[in-house]
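Below, each chain spelled out in residue letters.
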Amino acid sequence: MVGLEDLVTDNYSKIGNQVLPPGASLGSGLTPEAAKDLGLPPGIAVAASLIDAHAGGLGVIGADVKGHGLACEGQPVTSRLAVICGTSSCHMGISKNPIFVPGVWGPYFSAMVPGFWLNEGGQSITGKLIDHMVQGHAAFPELQAKATARGQSVYAYLNSHLDLIKKAQPVGFLTVDLHVWPDFHGNRSPLADLTLKGMVTGLKLSQDLDDLAILYLATVQAIAFGTRLIIEAMESAGHSISTLFLCGGLSKNPLFVQMHADITGLPVVLSQEVESVLVGAAVLGACASGDFASVQEAMAKMSKVGKVVFPRHEDKRYYDKKYQVFLKLVEHQKEYAAIMKGD
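On a predicted model such as this, the values are computed, not experimentally measured, just so you know.

**Here's the deal with helix α10 (residues 295-302)**
So, step 1. Within the span of α10, buried status applies to V295, A298 and M299. Buried residues along α10 cover an arc of 100° about the axis, so they all sit on one side.
So, step 2. In this structure, the buried residues of α10 make contact with α3 (52-61) and α9 (276-288).

**Regarding the sheet that holds strand β9 (residues 305-309)**
The strands making up a sheet are joined through hydrogen bonds of the backbone, oriented either antiparallel or parallel.
So, step 1. With mixed pairing, seven strands are arranged side by side in an open sheet as β3-β4-β2-β1-β7-β8-β9. If you trace the sheet from one side to the other, it starts and ends with β3 (105-109) and β9, each paired once. When the angles between neighbouring strand axes are averaged without regard to direction, this sheet yields 25°.
So, step 2. Bridge analysis of β3 against strand β4 (residues 117-123) gives three bridges, and the strand direction is antiparallel. Note on β4: the bridge partner recorded for Y108 is L118.

**Thoughts on unusual backbone geometry**
So, step 1. Each neighbour pair has its own omega, and for G106 with P107 the value is 5°, a cis peptide bond.
So, step 2. The peptide bond linking S189 to P190 adopts the cis configuration, its omega dihedral lying at -5°.
So, step 3. Its place among the elements puts P190 in the loop between β5 (179-181) and β6 (199-201).
So, step 4. In this structure, Y12 is a non-glycine residue whose phi angle is positive, near 60°.
So, step 5. Inspection of the secondary structure assignment puts Y12 in helix α1 (residues 9-12).

About the criteria used
Residues numbered from 1 in each chain as written. Predicted model: local features only at pLDDT ≥ 70, side-chain atom pairs only at ≥ 80, totals over all residues. Heavy atoms only, no water. Buried < 20%, exposed > 50% of the residue type's maximum accessible area, 1.4 Å probe, protein only. Helix = DSSP H or I, 4+ residues; strand = E, 2+ residues; numbered from the N terminus. Arc of directions from axis to C-beta. Contact = heavy atoms within 4.5 Å. Pairing = 2+ DSSP bridges. Axes fitted to C-alpha atoms, helices over the stretch in contact; angles between N-to-C directions.

Dropping the structure here:
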């Protein structure tokens, strides 16, 4: 229909027609030529591979969670959502039967875990947005100098600075009158609208380190509210999610993790091994080599729980209110665009 009929001629010869699940053993293993280049023995098992974010999902989602007091312990793996968060973020949920979620990619059969359908939500910029907000602020040179003097990253410094200025209140309450809509690069999920822009409301004339720290916090919260919006879209379409499994660069930031727990109301599991994409690749290799009979068995044995972060339920009312503001921001942005387009 779109003029690509040549791809289906000769039984799909141009794109190939042999489809194998992730982790399936390929050919007769490593060819002598490839083995020589890699310094490995010929014939070593080679697995059907995965996209990097899918491998990250595979590396975290199947971990054995016994003894951590998690709801998902007695539930199927479909109750887990893997969030791979770095420059941008991917939200991987799986289901036994296909679920169509507006604004969320998929369902794709066996695309991540063999035998399950994958839905993939996403945020176009997350880590990149935090960098943009922090580095563009007038107080950034001061922040850099102070963090360097203390031998810390700018984010570790900001997290400790927030603890300093929060006084007796929970740290998240510092943004009571500062709100961010995070789509500075359009919205991937669940609105699928590339025309959307970023928004900040509640700015003042001061531009000191306190202001920078609070803007950073509001940005982290906005990203977590974006995840909440994706989860709500997935659940209203038929998913049932009780636990988040975070991996990627941003999962190393304790503030980012705690805000995701508090704002979604779900516990967050962090893996023992931070490089979850590599664990996922190792899972595939261990299946191809015959060390495990299935990807599910390999996942349960090879991915380990490092830490569990629970939501602070006593702060729920505050975050519910901020979420209402979050949804109003995009509603208002669309109204502004309609005004400007009107006669």
